[in-house]
Amino acid sequence: MKKIFTIFSAAMMSVLLTVACVEKEKTVYYPDKAVAPVLEEIAAPESSYVLVEDSLTLGMLRFSRADFGMPVAVRYTLYAALDESFANAKAVDNIDNADSIFVEDNALNNALVSLACAPDKPVTVYFRIGAQMRGDGLNIEVDPLYSNVRSTTVTPYNAEKTYPAVYVVGDPWGWPDGTWSNTEVLRYLYSYAEDEENYVGVIDFGENRENHGFKITGGMNWNEGNWGVGSETSTEAEAPSIVLWDDGGSTNINNYSEYRYYNFHFVRSTLTLNVVKSFNSVGISGSMTDWADGADIVMTQMLPDQRFYADVEIETAAEFKFRLDGAWGTDWGGSFDELVAGGANLTVEPGNYRIYLDLNNWDEPVAEISVEDYGTPVE
């Protein structure tokens, strides 16, 4: 059955409310008549492109604009895959209302790392453009239009995986330079699903939480999202969920001050900010502390990755677990390779270690132990 979507303009809705007898004007979207973008040939597809950090090796890719048959904003996303099915494609970058996109080596390399490509080994990479209809008040689901496929050979470099992020800035950490500039942001919510829709992370409001107002932004300037409190945002203290407002006139978010740490989940399309978990401390409890209440080895949050760490001296073989707020209501064990909520005790041989715990992705916490890092300076 053919889908037909109808979109009414705000102006027409106003007329309909005041003049009931006026025939409804409407814009109709016919999916089968929409025109997908066309990706032009890569400049030298027969070449083998060797990626270099902070470079633009592939340069610019050009494409024709999509035509949805109506005047709407369109976001174009460049996808990379290792086969033409694009079953496991990764987004490289996106741009709005354009007909070309610069391929940054860092972004492409990160996509190839996500696809488990080995560093310094050439691989055939397939590219295509996805065009997504966008717009305020566009409450319909329209499938993206995908371009033709182009391919070339690319050699990635060795780098750690990074994820799309939004930025948290505000009073608890001081607006950089005493201004509303967010160019020195060091606190993030990450899109681990890489859908640039769902962002999560643990934010530290500090021991003194009297000044706790903050905002979220989509980039290193306020033009990519100025998400704060609007006229209809809930002012409930410790609200489990609030809806933000994207506007320069939005005010700071002041709902959260009871706890030091908050794991937030921000949904970009709905501007919904959810509290996943709130707590005051992360600690290590085990045989080295006699499992005693109040004796946890308290972990400290690092920047910029927001992991927790502690340097621990183990005199005899020990067992331990991670837990919140010195209690057993929320704890993790299992193994360093696979941390499990409520899991069995972790074990460690005698020695001096730095132990890490990453709770940013609450559903998939990650632990690590290092001999080399013990006692080294932390930013």
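Presented here is a report on the structure given in the accompanying data block. What you are looking at is a predicted structure, and each value in this text was computed from that prediction instead of being measured. (Residues numbered from 1 in each chain as written. Predicted model: local features only at pLDDT ≥ 70, side-chain atom pairs only at ≥ 80, totals over all residues. Heavy atoms only, no water.)

### Points about the side chain of R354
Okay, step 1: Assignment of secondary structure puts R354 in strand 28 (residues 351-358).
Okay, step 2: For R354, a relative accessible area of 2% corresponds to the buried category.
Okay, step 3: Within the structure, the side chain of R354 is placed 2.7 Å from the side chain of D311, a separation counted as a polar contact.
Okay, step 4: Not counting residues up to four positions away in its chain, the partners in contact with R354 are Y309, A310, D311, E368, I369, S370, D373, Y374, G375, T376, P377 and V378. (Helix = DSSP H or I, 4+ residues; strand = E, 2+ residues; numbered from the N terminus. Buried < 20%, exposed > 50% of the residue type's maximum accessible area, 1.4 Å probe, protein only. Polar contact = N/O pair within 3.5 Å; in protein donor to acceptor, adjacent residues only side chain to side chain. Contact = heavy atoms within 4.5 Å.)

### Some details on the packing of aromatic side chains
Okay, step 1: According to the stated counting rule, one finds 24 aromatic pairs in the structure shown.
Okay, step 2: On the basis of an interplanar angle of 55° and a centroid distance of 6.1 Å, the ring pair of F320 and F336 is categorised as tilted. Of this pair, F320 sits in strand 24 (residues 318-324) while F336 sits in the loop between strand 25 (331-334) and strand 26 (339-341), placing them 16 residues apart in sequence.
Okay, step 3: Taken together, the aromatic side chains of F205, F214, Y256, Y259, Y262 and F264 make up a single cluster linked through ring pairs. (Phe/Tyr/Trp six-rings, centres within 6.5 Å; stacked < 30°, edge-to-face > 60°.)

### Brief notes about the pattern of salt bridges
Okay, step 1: On inspection of all chains with the given rule, the structure shows 12 salt bridges.
Okay, step 2: Here R260 makes a salt bridge to E207, at a shortest N to O gap of 3.6 Å. With R260 in the loop between strand 17 (245-246) and strand 18 (261-267) and E207 in the loop between strand 13 (198-204) and strand 14 (214-217), the pair connects residues that are 53 residues apart, well separated along the chain.
Okay, step 3: Look at E207 and you get exposed, because its relative accessible area is 70%.
Okay, step 4: For R354, the salt bridge goes to D311, with nearest N and O atoms at 2.7 Å. Here D311 lies in strand 23 (residues 308-314) and R354 lies in strand 28, a separation of 43 residues in the sequence.
Okay, step 5: Since its relative accessible area comes to 32%, D311 is described here as partly exposed.
Okay, step 6: By sharing partners, the salt bridges in this structure join K90, K161 and E194 into a single network. (Salt bridge = Lys/Arg side-chain N within 4 Å of Asp/Glu carboxyl O.)

### Observations regarding the pairing of strand 18
Okay, step 1: Of all 7 residues in strand 18, 6 are buried, a share of seventy percent or more.
Okay, step 2: Note: strand 13 against strand 18, 7 bridges, orientation antiparallel. Directly across from N198, in strand 18, lies its bridge partner V267.
Okay, step 3: Across 7 bridges, strand 18 lies against strand 19 (residues 272-279) in antiparallel orientation. By the bridge assignment for strand 19, F264 is matched with V275.
Okay, step 4: The antiparallel hairpin formed by strand 18 and strand 19 contains 4 residues in its connecting segment, where L271 sits at a positive phi of about 55°. (Pairing = 2+ DSSP bridges.)

### A closer look at the environment of D96
Okay, step 1: Position of D96 among the secondary structure elements: in strand 6 (residues 90-96).
Okay, step 2: Sequence spacing of D96 and Y76 is 20 residues, and the spatial spacing of their C-alpha atoms is 6.0 Å.
Okay, step 3: The contacts of D96, once residues within four sequence positions are left out, are V74, R75 and R134.
Okay, step 4: Here the side chain of D96 touches R75 through a polar contact of 2.8 Å, side chain to side chain.

### Some remarks on the sheet that holds strand 28
Okay, step 1: Spatially, 4 strands are ordered 22-23-28-29 in an open sheet, and the strand pairing comes out antiparallel. The outermost strands of the open sheet, each flanked by one partner alone, are strand 22 (300-301) and strand 29 (366-370).

### Overview of the environment of L271
Okay, step 1: Mapping L271 onto the fold places it in the loop between strand 18 and strand 19.
Okay, step 2: Sequence spacing of L271 and L244 is 27 residues, and the spatial spacing of their C-alpha atoms is 5.3 Å.
Okay, step 3: Ignoring any residue separated from it by four or fewer positions in sequence, one finds L271 in contact with W227, I242, V243, L244, W245, D246 and F266.

### Digging into unusual backbone geometry
Okay, step 1: Across the junction of L303 and P304, the peptide omega takes the value 10°, indicating a cis bond.
Okay, step 2: A positive phi angle is found at D120, which is not glycine, with a value near 65°.
Okay, step 3: Taking relative accessible area as the criterion, D120 reaches 59% and is therefore assigned exposed.

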